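Residues per chain are reported as follows:
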Amino acid sequence: MRSSIARRAAVFGSAALLLLGPVTASAQADPVEPGVSGQAAKLPAELIDAISRDLSLSPDQYLEHSELGQKLAEFAKIARTQFPDAFAGTWLDNAGTPIVGLADGADKEAAVAAAEKAGFQVKDVAQSESSLQQQVKSLDGWLDTQPPAVADLVRGVAIDIVNNDLVLRADNVGGLQLPDFLKGARVVQSPATAAPLPSTDLTPIAEPLPADALLGGDAYGSLGGGVGLRCSLGFNGTDGSGRPVNITAGHCDPNRGSAGTAEASEAFSLVPGGTGPRIGTFAKTSLDIHDYSIIRADDDAARRFENNGVRVPGAAPVAITGTADPVVGAPVCKSGLTTGFTCGRVTSVAQTVSVGERTLADSFSTSMCALQGDSGGTIVTGTLALGISSASNVGQYPVCQVADVVTFVLGESPELFATPINEVLAENPGLRVRTS
């Protein structure tokens, strides 16, 4: 990690905070309950259950907080340029209050006026975002002077917007002695590699295509280089030529060096009892920096991807209406083949972290449980596409209830790390997520 952080110092220069035909939600024909908005009434029952269980929010509160998060994201893009001396980040607190952090600086008075005019609460903090970014660069320089035994302990760094400081990730939390200028930084455990489910029974079979569509969160199998994996589909979309694709995780491609070639890994639908028909091939795979793959649908399977749904496999979907940027404190929910919908909040944005031998940059982390097989699945905020599931610190546990107990005993909590969907789209001109 000694050189990996230094090589990517530019990642922190901008410190940015951290598109489908309509889905027919036939299971949502029940009468709208009094006091429930029309949009909230369209959320599937499984998602509503997860929102209540994991966030203690009503469907309307979930949607309202998600919308507030995106308003904060838009404000941050402007404030970062107009008020560089004072701006210190934006976030939602646990009550859903939108907050703008401001440090003392020449442009603070104007920043306060702009934040309050936008309806946000202002919080005075000690350090501006640019000051914290400078500390990250100083950390880079310090690591370059340390022996590998010390430098390699640092596996990632992020700006802790809420606490106005830095968070460092390390394999050995107790073994890292920081320099004086980082004495206030917190050191937490680095994430483990997110593992797809290995499989030895993924072999192509010939049978008529099922009529069922394929949606985000559904299970699929990948086969390449003699290796089989089980993962979760991400967001359906279209590539630059308008062909149907699915955007999932890069580490779900077992033969990623051959993506886009005649030897590319194949993707198969999974059906009760085994492998279904082939549905596509891996057209592009990225693992280091951004973790994503683009599966290009086969011609005879293309219609199965022509929807904008995200769901618990086999259940009614939520229709994706756009894309979003991660904002600290914003409510988020993920879907995957193992755990279905689980929800939490964004805990960090614009961070770089090592996961095994790879580095995730521009990533965000969330307080959600994700287990083996959830890899590649969708993360949403409200009804907006937010990210692709990449790494989890509890992926080795059999169920989320066990993960919750074990991490609580260790003084930690489940974390899911993700690649922002907008980063994937920006890296692939012409690529779009399907929206309604």
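Going by the structure above, here's the rest.
Reading the values: the criteria
- Residues numbered from 1 in each chain as written.
- Predicted model: local features only at pLDDT ≥ 70, side-chain atom pairs only at ≥ 80, totals over all residues.
- Heavy atoms only, no water.
- Helix = DSSP H or I, 4+ residues; strand = E, 2+ residues; numbered from the N terminus.
- Buried < 20%, exposed > 50% of the residue type's maximum accessible area, 1.4 Å probe, protein only.
- Areas by Shrake-Rupley, 256 points an atom, 1.4 Å probe, with all protein chains shown as cover.
- Pairing = 2+ DSSP bridges.
- Polar contact = N/O pair within 3.5 Å; in protein donor to acceptor, adjacent residues only side chain to side chain.
- Contact = heavy atoms within 4.5 Å.
- Core = buried A, V, L, I, M, F, W, Y, C linked by side-chain atoms within 4.5 Å.
- Disulfide = S-S within 2.5 Å.
- Arc of directions from axis to C-beta.
- Axes fitted to C-alpha atoms, helices over the stretch in contact; angles between N-to-C directions.
- Salt bridge = Lys/Arg side-chain N within 4 Å of Asp/Glu carboxyl O.

Q: What should I look at first to understand the overall build of the chain in this one?
A: Secondary structure assignment for the chain yields 10 helices and 24 strands. Expressed as a percentage of the 436 residues in the chain, the buried residues total 57%. Accessible area of the chain: about 17,100 Å², with a carbon and sulfur share of 52%.

Q: I'm lost on the pairing of strand β22 (residues 384-392) in this one. Help?
A: Two faces belong to every sheet, and in a regular strand the side chains alternate between them. By the criterion of burial, β22 is predominantly enclosed, with eight of the nine residues buried. As defined by bridge partners, strand β21 (residues 378-381) adjoins β22 across four bridges and the pair is classed as antiparallel. In the strand pairing of β22, Thr378 is matched with Ile388. Where β21 hands over to β22, the hairpin turn is made up of two residues, of which Gly382 adopts a positive phi near 65°.

Q: What is the right way to look at the side chain of Asp325 in this model?
A: Structurally, Asp325 is set in the loop between β17 (322-323) and β18 (331-336). In this structure the side chain of Asp325 is engaged in a polar contact, spanning 3.1 Å, whose partner is the side chain of Lys77. The residues contacting Asp325, other than those within four sequence positions of it, are Gln70, Ala73, Lys77, Leu386 and Asn422.

Q: I would appreciate a short explanation of the pairing of β21 in the present structure.
A: Side chains Thr378 and Val380 of β21 all project onto a buried face; the interleaved residues Ile379 and Thr381 project onto the opposite face, where all are buried too. Two elements, β18 and β21, share three bridges in a ladder whose sense is antiparallel. Counted as the bridge partner of Cys333 is Val380 from β21.

Q: In this structure, what is going on with the nonpolar core? I would like to understand it.
A: For soluble globular proteins, nonpolar side chains are generally found buried alongside one another. Counting 44 residues, the largest nonpolar core has Ile51, Phe235 and Ile421 as its most contacted members. Where this core is concerned, the elements lending two or more residues are α4 (45-55), α5 (59-82), β11 (244-248), β13 (274-286), β14 (292-297), β19 (340-355), β22 and α10 (421-427). Formed by 26 residues, the second largest nonpolar core is a distinct cluster that contains Trp142, Leu166, Val346 and Val349.

Q: Would you mind going over the environment of Asp239 with me for this structure?
A: Inspection of the secondary structure assignment puts Asp239 in the loop between β10 (235-238) and β11. Relative accessible area serves as the criterion here: at 12%, Asp239 is assigned to the buried category. Taking C-alpha positions, Asp239 is 6.4 Å from Arg432, a pair spaced 193 residues apart along the chain. Discounting chain neighbours no more than four positions away, the residues touching Asp239 are Val245, Arg296, Gly430 and Leu431.

Q: How should unusual backbone geometry be read in this particular structure?
A: Although it is not a glycine, Asn164 adopts a positive phi angle of roughly 55°. Its location among the elements puts Asn164 in the loop between β4 (154-160) and β5 (165-170). Although it is not a glycine, Ala350 sits at a positive phi angle of roughly 50°. Its location among the elements puts Ala350 in strand β19.

Q: Would you mind going over the state of the cysteines with me for this structure?
A: Note on terminology: disulfide describes a covalent bond linking the sulfur atoms of two cysteines. In this structure the tally under the stated criterion is two disulfides. Two residues, Cys231 and Cys252, share a disulfide whose sulfurs are 2.1 Å apart. Around the S-S axis, the bridge from Cys231 to Cys252 shows a dihedral of about -90° and counts as left-handed. Here the residue Cys231 occupies a position in strand β9 (residues 227-232), and Cys252 occupies one in the loop between β11 and β12 (266-271), the gap between them amounting to 21 residues. Both residues of the pair, Cys231 and Cys252, belong to the buried class. Residue pairing for Cys333: its cysteine sulfur links by disulfide to Cys343, the two sulfurs lying 2.1 Å apart. Torsion about the S-S bond of the Cys333 and Cys343 cystine: about 100°, corresponding to right-handed handedness. In this pair, Cys333 sits in strand β18 while Cys343 sits in strand β19, placing the two residues 10 residues apart along the sequence.

Q: Can you walk me through α4 in this structure?
A: Helical geometry note: an α-helix holds 3.6 residues per turn, so side chains three or four residues apart project in the same direction. Where α4 is concerned, the buried positions are Leu47, Ala50, Ile51 and Leu55. Buried residues of α4, seen end-on, are gathered within an arc of 100° and therefore sit on one face of the element. In this fold, the buried residues of α4 make contact with α5, β16 (318-319), β18 and β19. Following α4 by one or two positions, Ser56 has its phi on the positive side, about 55°.

Q: In this structure, what is going on with the sheet that holds strand β3 (residues 121-124)? I would like to understand it.
A: Sheets are built from strands that pair by backbone hydrogen bonding, the pairs being arranged parallel or antiparallel. Spatially, the three strands line up as an open sheet ordered β1-β2-β3, and their pairing is mixed. This sheet does not close on itself; its edge strands, each paired only once, are β1 (87-92) and β3. The mean angle between the axes of side-by-side strands here comes to 25°, regardless of whether they run parallel or antiparallel. Contacts between α5 and the sheet are confined to β1 and β2 (98-102), with β1 contributing the most and set at about 175° to the helix.

Q: Honestly, the side chain of Thr419 in this entry has me stumped. Any pointers?
A: You can see Thr419 is positioned in strand β23 (residues 416-420). By relative accessible area, Thr419 is classed as buried at 1%.

Q: How do you make sense of the pattern of salt bridges when you look at a structure like this?
A: Oppositely charged side chains can form a pair if their charged atoms are brought close together. Following the criterion strictly, the structure yields 13 salt bridges and no others. Of the charged contacts, one joins Lys108 and Asp124 as a salt bridge, the two residues approaching to 2.8 Å between their closest N and O atoms. Of this pair, Lys108 sits in helix α6 (residues 108-117) while Asp124 sits in strand β3; the two residues are 16 residues apart in sequence, bridging distant segments of the chain. Residue classification places Lys108 among the buried residues on the basis of a relative accessible area of 16%. With a shortest N-O distance of 3.3 Å, Asp291 and Arg358 are connected by a salt bridge. One end of the pair, Asp291, is in the loop between β13 and β14; the other, Arg358, is in strand β20 (residues 358-366), and 67 residues separate them in sequence. For Asp291, a relative accessible area of 0% corresponds to the buried category. Connected through shared salt-bridge partners, Glu74, Lys77 and Asp325 make up one network.

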